[in-house]
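Listed below, chain by chain, are the residues.
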Amino acid sequence: MTPWAAAIYKVNSAKYHGDDPDTVLSDPVFSCYPPGVPRIYLFGFPMQIVQVPGQVIMLFEYDHFVRRIYTDGRPHDMDQGPLWMGDSIGKWEGDTLVADTVSFNDKSLIDRVGHPHSDALHVVERIRRVDQNSLEIGLTVEDSKAFAKPWNTKLIFESKPDWKIMEQICEDNASFIDFNNKSTAKSTAKKPAAKKPVK
């Protein structure tokens, strides 16, 4: 990380691993904000990928997010302004979809432990089926403000054709509070009743 990112991470790490529910819940996703890319993949909820002419659509069970990767040859739309999930365009290289995403805002986090990114974030995904039952997403993350050099990781997903994408909604900015209170039971502060995630 750059010194800028390391300083933010130090603060975030202390907040998100502490005993105070109010600071633990300061992670933007607990206020129902979009998680961004690549964090959207890290929640453990199912997703469905639909290919139609000119685009690949990702349907996430997590908070019912829809992501479009345009494959019709258009350039990035730089007039949209900073976005939570970025602007994604893609192309096919053989059996691999290469998705290029830019135009992020700097309000989401890379992961749950608090690694930040800036508005210079650039994510490239190489998405391919390894076999009939396995999907691989190779990620390259580049952000000159937050990281000294690009870094790579790989995610593997298992096909579950009988699963359904259920309705899971972050409702009234309170859906995660009850869930999170189970892991922060040390707090004696009385919390208002919270709605459970709708599933």
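Residues numbered from 1 in each chain as written. Predicted model: local features only at pLDDT ≥ 70, side-chain atom pairs only at ≥ 80, totals over all residues. Heavy atoms only, no water.

**Student:** Outline the state of the cysteines, supporting the account with residue identities and numerical values.
**Tutor:** Here, disulfide denotes a covalent bond that connects the sulfur atoms of two cysteines. A complete count under the given rule lists one disulfide for this structure. Bridging C32 to C170, the disulfide has an S-S length of 1.8 Å. Between C32 and C170 the sulfur-sulfur dihedral comes to about -75 degrees; the bridge is accordingly left-handed. Here C32, found in the loop between α2 (21–24) and β1 (47–52), pairs with C170, found in the loop between β8 (151–158) and α3 (175–181); they are 138 residues apart in sequence, far enough to count as distant. The exposure class of C32 is buried, given its relative accessible area of 16%. The class for C170 is buried, based on a relative accessible area of 11%. (Disulfide = S-S within 2.5 Å. Helix = DSSP H or I, 4+ residues; strand = E, 2+ residues; numbered from the N terminus. Buried < 20%, exposed > 50% of the residue type's maximum accessible area, 1.4 Å probe, protein only.)

**Student:** Please set out the nonpolar core residue by residue, giving values where relevant.
**Tutor:** I40, Y41, F60, I69, I127 and I137 are the most contacted members of the largest nonpolar core, which totals 29 residues. Counting residues per element, the ones that place at least two in this core are β2 (55–60), β5 (96–102), β6 (122–131) and β7 (134–142). (Core = buried A, V, L, I, M, F, W, Y, C linked by side-chain atoms within 4.5 Å.)

**Student:** Lay out the packing of aromatic side chains with the relevant residues and their values.
**Tutor:** Applying the stated rule across the entire model yields seven aromatic pairs. In this structure an aromatic cluster arises from ring pairing among F43, F45, Y62 and F65. A cation over a ring is seen here: R74 above Y70, with NZ or CZ 3.8 Å from the ring centre. (Phe/Tyr/Trp six-rings, centres within 6.5 Å; stacked < 30°, edge-to-face > 60°. Lys NZ or Arg CZ within 6 Å of the ring centre and 35° of its normal.)

**Student:** Could you give me a rundown of the environment of A148, with the residues and numbers involved?
**Tutor:** Turning to its location among the elements, A148 is positioned in the loop between β7 and β8. Looking at A148, the relative accessible area reads 72%, which means it is exposed.

**Student:** An account of the layout of surface pockets is needed here, citing residue identities and associated values.
**Tutor:** Summary: where empty space remains is shown by rolling a probe the size of a single water molecule over the atoms. Of the volumes computed, that of the largest pocket is approximately 890 Å³. Contributing to the lining of the largest pocket are 32 residues, with M47, Q48, I49, L135 and S159 lying nearest its centre. When residues of the lining of the largest pocket are traced back to their parent elements, those giving at least two are β1, β2, β6, β7 and β8. It is β1 that contributes the most residues to the lining of the largest pocket, four residues altogether. Along the lines of polarity and charge, the residues of the lining of the largest pocket split into 19 nonpolar, seven polar and six charged. (1 Å grid on protein atoms, 1.4 Å probe; cavity = no way out; pocket = protein on both sides within 12 Å on 5 of 7 lines; lining within 4 Å. Points joined across faces, edges and corners; volume = space filled by probe spheres on them. Nonpolar A, V, L, I, M, F, W, Y, C, P; charged D, E, K, R; others polar.)

**Student:** I'd love a proper account of the pairing of β7, names of residues and values included.
**Tutor:** Judged by how many residues are buried, β7 sits mostly within the fold: seven of nine residues are covered. Of the pairings in the sheet, the one linking β6 to β7 comprises nine bridges and is antiparallel in character. Bridging from a neighbouring strand, R126 pairs with G138 of β7. Here β6 folds back onto β7 in antiparallel fashion, the turn holding two residues. Sheet topology places β7 next to β8; eight bridges connect them, and they run antiparallel. The residue of β8 that forms the bridge with L135 is F157. (Pairing = 2+ DSSP bridges.)

**Student:** Describe the pattern of salt bridges, listing the residues and the values that go with them.
**Tutor:** With the rule as written, the count across this model stands at ten salt bridges. The residue D27 makes a salt bridge to R112 at a minimum N-O spacing of 3.1 Å. Residue D27 is found in the loop between α2 and β1, and its partner R112 is found in the loop between β5 and β6; the two are separated by 85 residues along the sequence. Residue D27 is classed as buried on the basis of its relative accessible area, which comes to 0%. A relative accessible area of 31% places R112 in the partly exposed class. Among the salt bridges present, the one from R74 reaches D72, with a minimum N-O distance of 2.7 Å. Given the relative accessible area of 43%, D72 is considered partly exposed. (Salt bridge = Lys/Arg side-chain N within 4 Å of Asp/Glu carboxyl O.)

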